[in-house]
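Each chain is listed here by its residues.
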Amino acid sequence: MTRPAARGGSRTSADRLARLLNLVPYLLARPGIAIAEAAADLGVTERQLREDLELLWVCGLPGYGPGDLIDMAFDGDRVTITYDAGIDRPLRLTPDEALALVVALRMLAETPGVANREAVERALAKIENAAGDLVGAPVAVRLPADTRKVAELRVAVESGRALRITYYTAARDETTDRVVDPLRMLMVGGRGYVEAWCRRAEGMRLFRADRIDAVTLLDEPARVPPQARPHDLTEGVFRPSPDLPLVTLRIGRGERWITEYYPCERVEEGDGDQWLVSLRVTDLAWARRFVLGLGPDVTVVAPAELATQVHAAAVAALDAYATPPPPRDPADPAVADPAVADPAVAAPTQ
């Protein structure tokens, strides 16, 4: 059975917060008011009002002890606020609070993908005007990104125009030229992304701003197909799935940071300092480069194909170092005078 909504409409968290903030001064002005009368004035059911009053019991000031929480007294069906925790007073920002809000809003204004930047700027102006000298000197906030490139991508998104980009794909260690139809700008994990329909891949893709080597704004409008759907980024950019290759590594103490930096499906403690770690990867080519960069404290347990690739790449690298250099031409000045090849040979001994 569907429970009827309380009179007054939505029961969202935002609505309830506004109602709770108004409830305390309302009850302070009407000590001993009947709950039925208060519910009628506030446009909620008696049941909803009682639930709100129960929530007020655990609201208050930091410390959250008996002397910090909002308190009230009940006399039958009548209620009186006995301690308001300061909600009866207008909000006054301390210098630290005002500065924190200004920095947070400026950071939000610089974040790619903010839908209504004008609203952020208006809120920022109101706080700065209200805070006055509390804030002190103007605060400048810059995100750790290529601001010129992010600005170009933002213009393309806001103007609805297509882009030609030169993009480096780390997973395949290759650079490609693509025409994309941008949909939105995003900030995930401190990095800027543009989400777009890639005409080359014929699918939605996320392009990291710092891996875009060149950007050209085209005259044609962006054409995002109706079947295109934005990515769900609630759990981050990379979302491991069962269809991706599963890699199992045996790592030493120095490489345990992998378990904190990458989403691992399994982490088991082995003998001594050895751990057994399993994680999903986009492809084995990326995994091969990843393992080669980790050093001698890592061993590939599975899959066998990855172990073979890592072994072959390591052997090729060792062979390259073992190959003797080609014979040197006697006419080369470096052969006649070793100091030409190595200035340290001619350096005086201290």
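Residues numbered from 1 in each chain as written. Predicted model: local features only at pLDDT ≥ 70, side-chain atom pairs only at ≥ 80, totals over all residues. Heavy atoms only, no water.

Okay, the overall build of the protein next. Of regular secondary structure, the protein possesses twelve helices and twelve strands. Expressed as a percentage of the 350 residues in the protein, the buried residues total 31%. Put simply, 56% of the contacts in the protein that link residues at least 6 apart link residues at least 24 apart. Element-wise, carbon and sulfur atoms account for 55% of the exposed surface of the protein, whose accessible area totals about 21800 Å². (Helix = DSSP H or I, 4+ residues; strand = E, 2+ residues; numbered from the N terminus. Buried < 20%, exposed > 50% of the residue type's maximum accessible area, 1.4 Å probe, protein only. Contact = heavy atoms within 4.5 Å. Areas by Shrake-Rupley, 256 points an atom, 1.4 Å probe, with all protein chains shown as cover.)

Position of Thr 176 relative to the elements: it lies in strand β5 (residues 174–188). A relative accessible area of 8% places Thr 176 in the buried class. In this structure the side chain of Thr 176 is engaged in a polar contact, spanning 3.0 Å, whose partner is the side chain of Arg 178. Thr 176 has contacts with Ile 165, Thr 166, Tyr 167 and Arg 200, leaving out every residue within four places of it along the chain. (Polar contact = N/O pair within 3.5 Å; in protein donor to acceptor, adjacent residues only side chain to side chain.)

Spatial ordering of the open sheet is given by β10-β11-β9-β12, a layout of four strands whose pairing is antiparallel. Whereas interior strands pair on both sides, the edge strands pair on one side only; in this sheet they are β10 (264–269) and β12 (298–302). When the angles between neighbouring strand axes are averaged without regard to direction, this sheet yields 20 degrees. (Pairing = 2+ DSSP bridges. Axes fitted to C-alpha atoms, helices over the stretch in contact; angles between N-to-C directions.)

What follows is about the pairing of strand β6 (residues 191–198). When you tally the buried positions in β6, you get seven out of eight residues, the bulk of the element. Where β6 lies against strand β7 (residues 203–208), six bridges are found, and the strand directions are antiparallel. Note on β7: the bridge partner recorded for Trp 197 is Met 204. The hairpin formed by β6 and β7 contains four residues between the paired strands, and Glu 202 there has a positive phi angle of roughly 55 degrees.

Another aspect to go through is the confidence of the model for the protein. A residue-level look at the protein finds 72% of positions with pLDDT of 70 or above and a mean pLDDT of 75. At the low end of the mean pLDDT range in the protein sits helix α12 (residues 343–346), at 42; at the high end sits strand β1 (residues 33–34), at 92. pLDDT under 50 marks residues 1–11. Its contacts with residues more than four places away, or in other chains, come to 14 contacts. Confidence drops under a pLDDT of 50 for residues 339–350, and excluding neighbours within four residues, the segment shows seven contacts in the predicted structure. (pLDDT = per-residue confidence, 0-100.)

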